[in-house]
Every structure is written in C-alpha cells, then in structure tokens.
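Architecture and fold: a report
Residue-level listing of the chains:
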Amino acid sequence: MAKKSKTQKAKASAARQQRKANRELEEQSPTPVAEAAEEKKGGLFKKGSEDKSASSNDTAKSSKKEDKPKKKRFQFFRDVKSEMKRVTWPTRTDVLRWSGVVVVALLFFGIFVALLDNVIITPLLVFISGIGA
C-alpha cells in the first residue's frame, strides 16, 4: 500500500471532520416526533383524536428508541475503523529487524539462565547439601 501525500492526508482529515460535524448536527436537531410532543403538551385533558395520535406518537418514539441503540452499537466499530486508519504501521523491514532483536534477546537470556542454573546454582546446592549430611 502506497503512502499518502500530505495533501491526501489533509483532505481525508477534513472529510472526517465534516462527517463528524454532520453527525453531531443530526444528533442535536430536534426530531419531528419531539416537536409534535412539545406542541401537544398544552392540551393534556382533551380526549378523542389526541388519544389515537398519542398512541401513534408512542409507537414512533419506541421505534426511534429501537433505532438509536442499533446506531450506537455499530458506532464502536466505525470508531475502531477510523482509528485503525490513523495508525502508523511499521514497515516490513522494521518488523523483521525488531523480530530479530527479540529472538536474539530470548536466546541470550535462555542460555544465560541455563548456564546459571546448571553451572553455578546446582553445584552450589549439591556442595551445601553434602556439608550438612
């Protein structure tokens, strides 16, 4: 995958910011259901056609509530995807180089501990246990 130029990165960043601003505006703007509920607050004791509209209003609210958690559920994955695009991934040579460093360090410390155990600690324990017997 080719590296992006500064201009491409700037355009992508601006597009992300624009999408974020649009998303925030959508969340802040009142929905038609909420506006209708505010208008009907004045006549609480009226009966008749408002009961039907209130029940349809309740179903609209419940369907809106069902849609909102679904959006939030997948928002996490959209955030993960956008964060993964921002990650600076190491090159293949960097990965190979640092993997080699890790393998060499493991070998060094493995040999060091084996020598320490077999050449120094075990004979010392045998010597100590021989004195006490």
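Relevant structure appears above.
Quick look at the structure, then.

Moving on, we come to the pattern of salt bridges. This structure, assessed with the given rule, holds 2 salt bridges. In this structure, the salt-bridge partner of Arg86 is Glu83, at a minimum N-O distance of 3.3 Å. Here Arg86 and its partner Glu83 are both found in helix α3 (residues 49–86), 3 residues apart, which amounts to about one turn of the helix. A relative accessible area of 48% places Arg86 in the partly exposed class. On the basis of relative accessible area, Glu83 is assigned to the partly exposed category, the value being 44%. For Arg97, the salt bridge goes to Asp94, with nearest N and O atoms at 3.4 Å.

Within this structure, the stated rule accounts for 3 aromatic pairs. Pairing Phe108 with Phe112 gives two aromatic rings, centres 6.4 Å apart and planes at 15 degrees, and the pair type is stacked. Linking Phe108 with Phe112, this pair stays in helix α4 (residues 92–132), spanning 4 residues, or about one helical turn. Judged by relative accessible area, Phe112 falls into the partly exposed class, the value being 46%. One aromatic cluster is present, built from ring pairs that chain together Phe108, Phe109 and Phe112.

Right, let's get into the layout of surface pockets. Estimated volume of the largest pocket: approximately 1100 Å³. Lys4, Arg16, Met84, Lys85 and Arg86 are the residues nearest the centre of the largest pocket, which is lined by 25 residues in total. Residue contributions to the lining of the largest pocket peak at 9 residues, all from α3. Of the residues that constitute the lining of the largest pocket, the class distribution is 7 nonpolar, 5 polar and 13 charged.

Cut-offs and rules
- Residues numbered from 1 in each chain as written.
- Predicted model: local features only at pLDDT ≥ 70, side-chain atom pairs only at ≥ 80, totals over all residues.
- Heavy atoms only, no water.
- Salt bridge = Lys/Arg side-chain N within 4 Å of Asp/Glu carboxyl O.
- Helix = DSSP H or I, 4+ residues; strand = E, 2+ residues; numbered from the N terminus.
- Buried < 20%, exposed > 50% of the residue type's maximum accessible area, 1.4 Å probe, protein only.
- Phe/Tyr/Trp six-rings, centres within 6.5 Å; stacked < 30°, edge-to-face > 60°.
- 1 Å grid on protein atoms, 1.4 Å probe; cavity = no way out; pocket = protein on both sides within 12 Å on 5 of 7 lines; lining within 4 Å.
- Points joined across faces, edges and corners; volume = space filled by probe spheres on them.
- Nonpolar A, V, L, I, M, F, W, Y, C, P; charged D, E, K, R; others polar.

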